[in-house]
Amino acid sequence: MKFSSTLGALGASSILLSGAGAIELDITSPASIKQAAKSLSTNLRSYYTGDRPGDTPGNLPDPYYWWECGAMFNAFIDYWYYTGDDQYNKITAQAMEHQIGDYNAFMPPNQTKTLGNDDQAFWGMAAMSAAENKLPDLGNGKPSWLSLAQAVFNTQKDRWDNQTCGGGLKWQIFTFNNGYNYKNTISNGCFFNIAARLYKYLGNDTYSNWAERAWEWELAVGLMSEDYHYYDGTDDKKNCTDVNHIQWTYNAGVHMAGAAAMWNVTQNDLWRGRLKGVIDAAGIFFNDNVMIEVACENNGKCDVDQRSFKAYLSRWMGYTAIVAPWTREFIDPLLKASAQAAAKQCNAGANQTSCGLRWVDNGKNDGSFGVGEQMAAMEVVQSLLYTTASGPATAQKGGISVSNPEAGNNVPNTPITFNSITTGDKAGASILTLLVLVAILVGAWWMVS
């Protein structure tokens, strides 16, 4: 995941704002919710070009980064899971297969120069969702969805860095990538999420032990507070003594789902308390029960990446409500109010189904259109169907994806090098390094500006 200077992806020039509400949503009617989700998914699908002749499956056009395409296909997997509509399954399988990479671990060579642990993990979480939701494996000797999630886990546990800060994953995978010295919460949170869900699926204590280790490290280093607020990241050159205190929805969401999976397996009070703490602390992201990206919505500073973050909190709230049913009394009002507010402002564009960023403006569309905005609205709406979902499969309960505990162990540890670095590479690297440094030093300013 990368810092982006572009403040949003606007739709085509033909898109016009409209005051008429085209998304009709009755939150008490599964049929209405499914129809609303279908309308939103159609618009989201229109942004994807990777299945066109000559294009690359699994890539979105500029300005979107590779990781967000993986996140989008996770949304389509969720869409099929909740609605039963399989119209996107073919392009999803095609895209995910194409991005597997040389080592069957979502490390494609064309992404090497910018590949972060969080980028890889978003594709790994999509594969985990495919396994949990019983999307048929690719077959014909190709890796299974479950093995791809295991491969991401195995490659990342081997990158656990004890040289500084007492552990943790770095943001970037390769030493030549700028941001390599930043240990960020989303990378570690995604690793925790995958480990917890693999534990739930397979029951192997290796995954449980790593989930606990990641959780405890984040708490010890200050990326997670004692009252379960999650911050952006920290500089390992300073031994993680300085923490960037920006709070993002997706950090709360990724940990919420992981904690829910851990509670589901253990049923113990420790994980129940942790999960309830995460849900309570996530209240910072709601205004009258409507979700808001507090760090950047009000000040107009959400970049392309950040415009998608509410999709993941919505996604993982739905997951949490399924696997930890006692959380529904806390989650349900938030999902309902947010879904209603999101749908109400999805009233723009040629088909009057384009969604803006802000849901808190009582149906007023803010004119910001893109993959992130559309995916967030779709995820929060379809998550209302959690009460009708069968629950994620496991190896002992309906799972069909094939396990491979050794997946990912063939990835070489030798750093990849390039013969030359262009002036453009150097310029981009300098800018990104500066952005990381500035984010660490003045991150708290974002919250109040």
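Residues numbered from 1 in each chain as written. Predicted model: local features only at pLDDT ≥ 70, side-chain atom pairs only at ≥ 80, totals over all residues. Heavy atoms only, no water.

**Student:** Help me understand the nonpolar core in this model?
**Tutor:** One recurring pattern in soluble globular proteins is that nonpolar side chains are buried together. The biggest cluster of nonpolar side chains holds 144 residues, and the ones touching the most others in it are M72, F122, Y312 and V381. Here this core gets 13 residues from one element, more than from any other, and that element is helix 2 (residues 66-83). Beyond its immediate sequence surroundings of up to four residues, Y312 is in contact with W67, E68, A71, F122, Y250 and M375. (Core = buried A, V, L, I, M, F, W, Y, C linked by side-chain atoms within 4.5 Å. Buried < 20%, exposed > 50% of the residue type's maximum accessible area, 1.4 Å probe, protein only. Helix = DSSP H or I, 4+ residues; strand = E, 2+ residues; numbered from the N terminus. Contact = heavy atoms within 4.5 Å.)

**Student:** Even after reading the chapter, I still don't get the side chain of S147, so can you show me in this structure?
**Tutor:** With respect to the helices, strands and loops of the structure, S147 is situated in helix 5 (residues 145-157). What makes S147 buried here is its relative accessible area of 5%. Non-local contacts of S147, meaning those with residues more than four positions away in its chain, are made with V402, N404 and A407.

**Student:** Would you mind showing me how to read the sheet that holds strand 3 (residues 243-244) here?
**Tutor:** The strands that make up a sheet pair up through hydrogen bonds in the backbone, lying either parallel or antiparallel. Strand order in the open sheet formed by 3 strands is 1-2-3, and the pairing between neighbours is antiparallel. The open sheet has two free edges, formed respectively by strand 1 (182-184) and strand 3, since each of these has just one partner strand. Packed onto the sheet, helix 6 (residues 185-202) meets strand 1 and strand 2 (233-235) and runs at close to 45° relative to strand 1. (Pairing = 2+ DSSP bridges. Axes fitted to C-alpha atoms, helices over the stretch in contact; angles between N-to-C directions.)

**Student:** I keep staring at the state of the cysteines and nothing clicks. Help me out?
**Tutor:** Covalent bonding between the sulfur atoms of two cysteines is what defines a disulfide. Applying the stated criterion across every chain, the model contains 3 disulfides. Note that C165 is cross-linked by a disulfide to C240, the S-S spacing being 2.0 Å. Between C165 and C240, the S-S dihedral sits near 85°, and the bridge is therefore right-handed. Residue C165 is located in the loop between helix 5 and strand 1, and its partner C240 is located in the loop between strand 2 and strand 3; the two are separated by 75 residues in the primary sequence. (Disulfide = S-S within 2.5 Å.)

**Student:** Mind showing me how you'd approach the packing of aromatic side chains here?
**Tutor:** Aromatic rings in a pair are described by how distant their centres are and how their planes are angled relative to each other. Considering all chains together, one arrives at 27 aromatic pairs under this definition. Between the aromatic rings of Y79 and Y88, the centroid separation amounts to 5.5 Å while the plane-to-plane angle is 55°, which identifies the pairing as tilted. Note on Y79: relative accessible area 1%, which makes it buried. Each residue in the set F153, W160, F191, Y207, W210 and W217 is aromatic and connected to the rest through ring pairs, giving one cluster. Over the ring of F330 we find K276, and its NZ or CZ is 4.6 Å from the ring centre. (Phe/Tyr/Trp six-rings, centres within 6.5 Å; stacked < 30°, edge-to-face > 60°. Lys NZ or Arg CZ within 6 Å of the ring centre and 35° of its normal.)

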